[in-house]
Amino acid sequence: MRAPLSLFFVLAAARVLAQQPAETPKMKPEMTEFWEPVPKVVTPGKSNDAPPSDAVVLFDGKDLSRWKDKDGNAAKWEVKNGVFTVVKGTGDITTRQDFGDFQLHIEYRIPEEIQGQSQTRGNSGIFLQGRYELQVLDSYNNRTYSNGQAASIYKQNPPLVNAMRKPGEWNIYDVVYTAPRFKEDGTLFTPARVTVLHNGVLVQNNFEIKGGTEYMGLPTYKQHGKGPLRLQDHGDPSKPISFRNIWVREL
Ligand code: MG
């Protein structure tokens, strides 16, 4: 027996109505709030240069116990009066601990009596994960190639501005670093990124690192995991530079 035509229309209308999207609920402020997770409490340092409560202190003025030389032995750079100074010819030093993503605070001083020019004037460097050099140099009235001056990502990106303090004064780098990610087959998934403040002035703004630092040739990526910080003993003959107050927060 065939259904009456009117019933057919009623069923068809019901089907159409059922397919209508539900009416959007009226938004309330609390509908876009979330309360979990709760950010953990970190006690800031007494000043913004002092390590906060969750920092790994890599140098607090006393010793280089958190650092080693290239053979894994105690770092041979000189600690004196709360700072440490490169001892030329003893090689780079690296942290004993490896890091992935991090926030870094580090201070350095070019000696007042610095001599030399361009790259042979107060050259050192901070190798992020042991591979990507954030340049340390005297760039106060010292012309060199722009992507090799202080606060450059060496041979890749110059700083946005030159915020260098003069020799004899302390310079500060505050660094936010995101490590590169690699695919299972070892090829690059996402490059490393770095933001740097030099004496509180933004000099690298989320720069996408192009690969490992090369003195000669183009940078490329090679798969790696966590890595240390490495400080450079540059081979130039100018007076060695000093460091102090180094701390890292793992992210
Ligand atoms: Mg260097």
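Our structure's up above, just so we're on the same page.
Residues numbered from 1 in each chain as written. Predicted model: local features only at pLDDT ≥ 70, side-chain atom pairs only at ≥ 80, totals over all residues. Heavy atoms only, no water.

J.: Kindly report on the coordination of the magnesium ion, identifying the contributing residues and their values.
T.: Around the magnesium ion, the protein supplies Asn-123 (OD1), Ser-124 (O), Glu-133 (OE), Gln-135 (OE1) and Gln-232 (OE1) as donor atoms, at distances of 2.2 to 2.3 Å. Motif for the magnesium ion, donor spacing along one chain: N-S-x8-E-x1-Q-x96-Q. Placement of the pair is Asn-123 in the loop between strand S6 (102-109) and strand S7 (124-128) and Gln-135 in strand S8 (residues 132-136), with a sequence separation of twelve residues. Gln-135 sits in the buried class, given a relative accessible area of 0%. (Donors = N, O, S within 2.8 Å, 3.2 Å for Na, K, Ca; no water. Helix = DSSP H or I, 4+ residues; strand = E, 2+ residues; numbered from the N terminus. Buried < 20%, exposed > 50% of the residue type's maximum accessible area, 1.4 Å probe, protein only.)

J.: Outline the packing of aromatic side chains, listing residues and values.
T.: Here the structure, examined in full by the defined rule, presents twelve aromatic pairs. The structure contains a cluster of three or more aromatic residues connected by ring pairs, namely Phe-99, Phe-102, Tyr-132, Tyr-177, Phe-182 and Tyr-221. Looking at Arg-230, its charged tip hangs above the ring of Phe-127, at a distance of 4.0 Å from the centre. (Phe/Tyr/Trp six-rings, centres within 6.5 Å; stacked < 30°, edge-to-face > 60°. Lys NZ or Arg CZ within 6 Å of the ring centre and 35° of its normal.)

J.: If you had to explain the pairing of S6 to someone new, which residues and values would you point to?
T.: Along S6, six of the eight residues are buried, which leaves the element largely enclosed by surrounding structure. In this structure, S6 lies alongside strand S9 (residues 170-178), joined through eight bridges in antiparallel fashion. Looking at the pairing, Glu-107 lines up with Ile-172 of S9. Both S6 and strand S15 (residues 242-250) contribute to a ladder of seven bridges, which runs antiparallel. Note that in S15 the partner of Tyr-108 across the bridge is Phe-243. (Pairing = 2+ DSSP bridges.)

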